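Close look at the chain arrangement
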Amino acid sequence: MMLDRSTVPPIPEDRAFTVDQLTPQDYAAVCGFLTDRLRELVAGGQEAAARALDEAASLRTDTLGPNFQWEADYPHEPVPDNWLTDRLSYWNQLVILLWAGWHDADGYDHDRWRLVSSPAPQKEKAGAAAPFDPAAHVRGSEGFAEWKERAGRQGDALREEFLSRAVRRPEEADEAPLTWRADKVVVYGSVLAHSGLPRTPENENLWRGTAADALSVLAAGESVRRTILAGRAEHIHQGLMLGTTWSEIAEALGRTTDQVRAELRYWADENPYLYYRADRRVPVAALLDLGDDETVPAPEGGR
């Protein structure tokens, strides 16, 4: 069941309220408020909901805690820019979570617990490294050059645009070739592993995965999964018609023969024209009746 988000008012946002204005006290107050709300859920018999929300919040607080603690321990030191970037991302995620559930609850600080923005950019120092551009990294990668060489010049601009574009729903990737979608999962999936690496002067410009990158991997991966599943039943059908057995197909898929039979039966029922262009010598019902190690009888006189 999908929740009706139309009843939740938009989160207040003031572009003048920037991430560098947040304090350890703001973070401590948010954590205290969250702890009290989770206790209320548990006391009200909603322990499962409290556990789920706690897990969701922990993904943010586990990063924000050390981030704000550094400022508390060294109050006279400027917060590093990369720490502010993390703080902005995880603070806004935490605020969205709290706002959705408790924006009208007693104790919610509407003045401080709101979305923050980045400080106004300062003039770059001479010789400073240019900001990292993920899209340029993808286009300049060795793998991307190989894809372009294999495909020639046709479609290069479309491929570049797709690989550098954020994808938030499977439908946004469905029209791209399957190989492009797989490449997107591989490229952006690899940089997500960088997000947990400690920041050092040597890897300051390392491409680190973002929330948008995670969504692109999930959405493109789901699009790939749906495409493969949609064609798999036809491949099962074709394999049987070419002489494979249910046991061999089950082994290839890492499933049981009963599970594979159920999949073919489901797709045949849901998609009556699925096998329109496939070999129709033996109806699906007869294939389902074959023993695990039986094969389709050879046609008389050959094909």
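A few words on helix α2 (residues 47-73). Of all bends in α2, the biggest is about 40°, found at serine 58. Those residues of α2 that fall on the buried side of the exposure criterion are Ala50, Ala57, Arg60, Thr61, Leu64, Gly65, Asn67, Phe68 and Glu71.

Evaluated as defined, the whole model comprises 12 salt bridges. A salt bridge links glutamate 263 to arginine 255; the shortest N-O distance between them is 2.5 Å. For glutamate 263, a relative accessible area of 9% puts it in the buried group. What makes arginine 255 partly exposed here is its relative accessible area of 32%.

With 20 residues, helix α1 (residues 24-43) extends 29 Å from end C-alpha to end C-alpha; this agrees with the ideal 28 Å at 1.5 Å per step. By the burial criterion, the buried members of α1 are Pro24, Asp26, Tyr27, Val30, Phe33, Leu34, Arg37, Leu38 and Leu41. One or two residues past the end of α1 sits glycine 45, with phi positive at roughly 80°.

Within the secondary structure, aspartate 269 is located in helix α10 (residues 257-270). Aspartate 269 gets classed as exposed once you look at its relative accessible area, which sits at 58%. Along the sequence, aspartate 269 and valine 284 sit 15 residues apart, while their C-alpha atoms lie 9.9 Å from each other.

The next subject is the confidence of the model for the protein chain. In regions of low pLDDT, the predicted coordinates are not meant to be interpreted in detail. Across the protein chain, pLDDT averages 76, with 72% of residues at or above 70. Looking across the protein chain, the model is least confident in helix α5 (residues 142-151), with a mean pLDDT of 52, and most confident in helix α9 (residues 246-253), with 94. Long-range and interchain partners of residues 1-5, a stretch whose pLDDT sits below 50, account for zero contacts in this model, where long-range means more than four residues apart.

What follows covers the environment of valine 284. Relative to the helices and strands, valine 284 is located in helix α11 (residues 284-289). Put simply, valine 284 and arginine 265 are 19 residues apart on the chain and 7.7 Å apart in space, counted from C-alpha to C-alpha.

Summed over the entire model, instances satisfying the criterion amount to eight aromatic pairs. Seen from their ring centres, tyrosine 27 and phenylalanine 68 are 5.3 Å apart, and the 10° between their planes marks the pair as stacked. Of the two residues, tyrosine 27 is situated in helix α1 and phenylalanine 68 in helix α2; the sequence distance between them amounts to 41 residues. Phenylalanine 68 sits in the buried class, given a relative accessible area of 2%. With a centroid separation of 5.6 Å and 85° between ring planes, the pair formed by tyrosine 266 and tryptophan 267 is classed as edge-to-face. Residue classification places tyrosine 266 among the partly exposed residues on the basis of a relative accessible area of 47%.

Definitions and cut-offs
- The numbers attached to residues start from 1 for each chain and follow its sequence in the written order.
- The model is predicted, so local features are restricted to residues of pLDDT at least 70 and side-chain atom pairs to those at 80 or more, both for listing and for counting; the totals for chains, interfaces and linings are taken over all residues.
- Hydrogen atoms and water are omitted, and side-chain values are computed over all heavy atoms in the structure.
- Throughout, bend refers to the angle between the axes fitted to the seven residues that end at a position and the seven residues that start at it.
- Under the DSSP-based scheme used, a helix requires at least four consecutive residues in state H or I and a strand at least two consecutive residues in state E, with every element numbered from the N terminus.
- Exposure classes here rest on a 1.4 Å probe applied to the protein chains alone. A residue is buried below 20% of its type maximum, exposed above 50%, and partly exposed in between.
- Any Lys or Arg side-chain nitrogen found within 4 Å of a carboxyl oxygen on Asp or Glu counts as a salt bridge.
- Each residue after the first adds 1.5 Å to the expected span of a helix.
- pLDDT expresses, on a scale from 0 to 100, how confident the predictor is about each individual residue.
- The contact criterion used is simple: two residues touch if any of their non-hydrogen atoms lie within 4.5 Å.
- Any Phe, Tyr or Trp ring, taking Trp's six-membered ring, that has another such ring centre within 6.5 Å forms a pair; planes under 30 degrees apart are called stacked, those over 60 apart edge-to-face, and the others tilted.

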